[in-house]
Amino acid sequence: MSDAIPLHALLGGTFDPIHFGHLRPAQALAQQINLQQITLLPNNMPPHRPQPEASAAQRVAMVELAIAGNPLFQLDTRELQRQTPSYTIETLEALRQERGNAQPLGFIIGQDSLLTLHHWYRWQDLLSVCHLLVCKRPGYPQKMDTPQRQRWLDAHLTTDATLLHRQPAGLIWLAETPLVTTSATDIRQRRRQGQPCDDLLPAAVIAYLDRHGLYRG
Ligand code: ATP
């Protein structure tokens, strides 16, 4: 395995704001499957949901503060450089082109995203460019909502983490990650109501929210 190319994982999100529900499961996943590098990919105009409240520059600044000094994480702002919606499949295809066909790529999502994956643009192509690394998220069912989607999941599941490093794409890994109830929606709501968010996101990000008066309106 010494000449194998290490699995590179990506975590896309709106990060409006970034919080421990993104960071802690991703860190646990990294430990579990021996992942050395996770690239955070802030979305530009998320296709499936309302537009972010914080600007792209603010969301980037918050990600930078959240990962400062943590070598596991890096930031890729490519989706913010386009004027079009961020389609994960297109970003992954671009990365595949850059990194070559042998590079194992993993896209990290929460259980909620797995359940709604069939709404994503060209979702059926995702596994031809990457593995899906799924983190637990409390409050969401374990099972897919139709037998057909469950069959799709079962057909790609693996419980052998070494395969994620040996194959470039095509597998789904259901990670044993800590349950974190935090959502960005909840944080924005708490800020609006003047409630503390101390244990929900890094202190440096909270200080940034305060400095910029974010989610107060
Ligand atoms: P919002 O509340 O604004 O919808 P969010 O908190 O769900 O935002 P996103 O930036 O949309 O955060 O999420 C990016 C990715 O992180 C998604 O794949 C999502 O499933 C995952 N994720 C977010 N929060 C958690 C959490 N608490 N536990 C596990 N995964 C999470």
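Now for a description of the structure that goes with this document.

Calculation criteria
Residues numbered from 1 in each chain as written. Predicted model: local features only at pLDDT ≥ 70, side-chain atom pairs only at ≥ 80, totals over all residues. Heavy atoms only, no water. Core = buried A, V, L, I, M, F, W, Y, C linked by side-chain atoms within 4.5 Å. Buried < 20%, exposed > 50% of the residue type's maximum accessible area, 1.4 Å probe, protein only. Helix = DSSP H or I, 4+ residues; strand = E, 2+ residues; numbered from the N terminus. Contact = heavy atoms within 4.5 Å. Axes fitted to C-alpha atoms, helices over the stretch in contact; angles between N-to-C directions. Parallel < 35°, antiparallel > 145°, perpendicular 65-115°, else oblique. Left-handed = near helix turned anticlockwise from the far one by under 90°. Nonpolar A, V, L, I, M, F, W, Y, C, P; charged D, E, K, R; others polar. Salt bridge = Lys/Arg side-chain N within 4 Å of Asp/Glu carboxyl O.

Points about the nonpolar core
Next up, step 1: In terms of nonpolar packing, the biggest core is built from 40 residues, with I18, L29, I33, I38 and M62 touching the most fellow members.
Next up, step 2: Listed by contribution, the elements that provide at least two residues to this core are β1 (8–13), α1 (20–33), β2 (38–42), α2 (56–67), β5 (131–135), α7 (161–166) and α9 (203–212).
Next up, step 3: When residues in this core are grouped by element, the largest group, six residues, is from α1.
Next up, step 4: Apart from the residues within four sequence positions on either side, I38 is in contact with A9, L11, A26, A30, L72, F73, Q74 and I108.

A short note on the packing of α2 against α9
Next up, step 1: Between α2 and α9, the least distance of the axes is 8 Å, while the angle of their chain directions is 150°. Taken together, the axes of α2 and α9 lie roughly antiparallel to each other. Of the two possible hands of crossing, α2 and α9 adopt the one that is right-handed. Touching Q58, A61, M62, L65 and A66 of α2 are A204, V205, Y208, L209 and H212, all from α9.
Next up, step 2: Looking at the contact of α2 with α9 residue by residue, the class counts come to eight nonpolar, two polar and no charged.

A short note on the pattern of salt bridges
Next up, step 1: A complete count under the given rule lists 12 salt bridges for this structure.
Next up, step 2: Across the salt bridge formed by R137 and D112, the nearest N and O atoms sit 3.0 Å from each other. Of the two residues, R137 sits in the loop between β5 and α6 (147–156) while D112 sits in helix α4 (residues 111–115), which places them 25 residues apart along the sequence.
Next up, step 3: With a closest N to O distance of 3.7 Å, R216 and D210 form a salt bridge.
Next up, step 4: Several salt bridges share partner residues, and in doing so they unite D16, E53, R188 and R192 into one network.

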